[in-house]
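# Chain and residue survey
One-letter residues, chain by chain:
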Amino acid sequence: MFTLSEGCKRADVCVQNGKGLCHIKHLTDKEGLYGHGRMFAHVTVDPGCSIGYHPHEHETEFYYILKGEALFSDNGKEVILHAGDVAATGYGEGHSLENQSQESMELIALIVTE
């Protein structure tokens, strides 16, 4: 299986009632995850924008930071994530992410299911 970049679906959306819009490039779909996940995407978060707080039940979401930095809230515990950092949230826990810098930040988001 393969996915060519020009075939990837793209969307500019408000994620989980966050601030502003996030630019999402879906790298594959559920079929491409062979039943083990529901999202694999490249996400760009512009300055001042965020992914709102949300929980994950029966799944785990991973963020791998590609570029920039963002304030990550892991069940209320806050940390600044930088390029190369990884965050994981699952099993009823919740998280959010906010770009408080002056530059766009990019991450890979992967949601795997039980």
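Our subject is the structure listed above.
Residues numbered from 1 in each chain as written. Predicted model: local features only at pLDDT ≥ 70, side-chain atom pairs only at ≥ 80, totals over all residues. Heavy atoms only, no water.

### Concerning the sheet that holds strand β2 (residues 22-26)
As summarised here, the arrangement of the six strands in space is β1-β2-β3-β10-β5-β8, forming an open sheet in which the pairing is antiparallel. The open sheet has two edge strands, β1 (10-13) and β8 (86-90), and neither has a second partner. The mean inter-strand angle of the sheet, taken between neighbouring strand axes irrespective of direction, is 25°. Sheet topology places strand β5 (residues 59-67) next to β8; five bridges connect them, and they run antiparallel. (Pairing = 2+ DSSP bridges. Helix = DSSP H or I, 4+ residues; strand = E, 2+ residues; numbered from the N terminus. Axes fitted to C-alpha atoms, helices over the stretch in contact; angles between N-to-C directions.)

### Observations concerning the side chain of Glu59
With respect to the secondary-structure elements, Glu59 resides in strand β5. Exposure remark for Glu59: the relative accessible area of 11% places this residue in the buried category. At 2.8 Å, the side chain of Glu59 forms a polar contact with the side chain of Arg38. Residues within four places of Glu59 in sequence aside, it is in contact with Arg38, Thr89, Gly90, Tyr91, Ile111, Val112, Thr113 and Glu114. (Buried < 20%, exposed > 50% of the residue type's maximum accessible area, 1.4 Å probe, protein only. Polar contact = N/O pair within 3.5 Å; in protein donor to acceptor, adjacent residues only side chain to side chain. Contact = heavy atoms within 4.5 Å.)

### So, unusual backbone geometry
Within the chain, Tyr34 stands out as a residue other than glycine whose phi angle is a positive 50°. With respect to the element layout, Tyr34 can be found in the loop between β2 and β3 (37-45). For Tyr34, a relative accessible area of 58% corresponds to the exposed category. Backbone geometry at Asn75 places phi at a positive 55°, although glycine is not the residue there. With respect to the secondary-structure elements, Asn75 resides in the loop between β6 (69-74) and β7 (77-82).

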